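Residue-level structure breakdown
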Amino acid sequence: GVIDLTDQLSWFAGYSEGMRGQPFVNFVSTPQPELSRHLETGFKFEFDAQLNGQVAVYQIDRSQVAVTDSGDIQRRSVAAGQQRSRGIEADLTWQATEALSLLANYAHTDARFVDDKAGVAAGNRLPLVPEDSGRIWGHYRFLNAPVDGLSVGFGVYLRSGAYLSNNNRFKTAGWLSFDAAIAYEIGNFKLAATVKNLTGEHYFQPYDYFDGRVAPSTGASAFVTLSVKY
């Protein structure tokens, strides 16, 4: 639901429920799906066709998550775990001029175990989930000949560390990455080149393979794409 408070400001709220199968899990009894409930509310705004964005807070509750049954001799699983994620997300776009635009976004996530069914204390943070992440990106589009159709972009992505396992024993360090892009568009064709991790920052990210694994950064990476509109 959305309510327009003014011509520039709207309030919104939403609620949804979901379920998904839990494959590759050996359940003690009949397999059960994982259930979720999602609540979200916030504000959308637009001022003078230049500054627009939204700010939202949310809560996601997950139940019937597969956890190991400590009383089962075969160490099979039961659908009994509960998890909760709360956070805030913000997106902002500023069209400073016809040619220059700036984008910024930020997310804070507090994801925790609600009970001790997963074999760790209630309140432990969920692994692989960074608490804070954000991005700032600038984009400039040339409007006059002979470089009409050429555009360039530059930005930085920042991310805090994340725990590697349910017991929260180890955590990766935070990191940042600079990215750049250049593109040329003519008619229905667009040729673009992007460089990620421009400065070759060396960092480790959580790797979802059993517990406690990390994967090193890939260093500077370049991508070239050609697209056609029709």
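1. Overview of the packing of aromatic side chains
- A complete count under the given rule lists 7 aromatic pairs for this structure.
- A ring pair is formed by Phe154 and Phe178, whose centres lie 6.0 Å apart and whose planes are at 15 degrees; its orientation type is stacked. In this pair, Phe154 sits in strand E8 (residues 150-159) while Phe178 sits in strand E9 (residues 175-186), placing the two residues 24 residues apart along the sequence.
- According to the relative accessible area criterion, Phe178 is partly exposed, its value standing at 26%.
- Note on Tyr157 and Trp175: the rings are 5.5 Å apart at their centroids and 55 degrees apart in plane angle, and the pair reads as tilted. Here Tyr157, found in strand E8, pairs with Trp175, found in strand E9; they are 18 residues apart in sequence, far enough to count as distant.

2. Points about a nonpolar patch on the surface
- A cluster of nonpolar side chains, namely Tyr184, Ile186, Phe189, Leu191, Val224, Leu226, Val228 and Tyr230, defines an oily patch on the protein surface of about 970 Å² accessible area.
- Mapped by element, the contributors of at least two residues to the nonpolar patch are E9, strand E10 (189-196) and strand E13 (221-228).
- If one sorts the elements of the nonpolar patch by residue count, E13 sits on top with 3 residues.
- Position of Val228 relative to the elements: it lies in strand E13.

3. So, the sheet that holds E13
- Within the open sheet, the 11 strands sit side by side as E1-E2-E3-E4-E5-E6-E7-E8-E9-E10-E13. Their pairing is antiparallel. Both edges of this open sheet fall to strand E1 (2-4) and E13, since each of them pairs with a single strand only. Taken pair by pair, the neighbouring strands of this sheet meet at an average axis angle of 15 degrees, ignoring direction.
- The sheet contact formed by strand E4 (residues 51-68) and strand E5 (residues 77-94) spans 16 bridges and is antiparallel. Looking at the pairing, Val65 lines up with Gly81 of E5.

Reading guide: rules and limits
- Residues numbered from 1 in each chain as written.
- Predicted model: local features only at pLDDT ≥ 70, side-chain atom pairs only at ≥ 80, totals over all residues.
- Heavy atoms only, no water.
- Phe/Tyr/Trp six-rings, centres within 6.5 Å; stacked < 30°, edge-to-face > 60°.
- Helix = DSSP H or I, 4+ residues; strand = E, 2+ residues; numbered from the N terminus.
- Buried < 20%, exposed > 50% of the residue type's maximum accessible area, 1.4 Å probe, protein only.
- Patch = residues over 30% accessible without salt bridge, like charges linked within 9 Å, V, L, I, M, F, W, Y side chains within 5 Å.
- Areas by Shrake-Rupley, 256 points an atom, 1.4 Å probe, with all protein chains shown as cover.
- Salt bridge = Lys/Arg side-chain N within 4 Å of Asp/Glu carboxyl O.
- Pairing = 2+ DSSP bridges.
- Axes fitted to C-alpha atoms, helices over the stretch in contact; angles between N-to-C directions.

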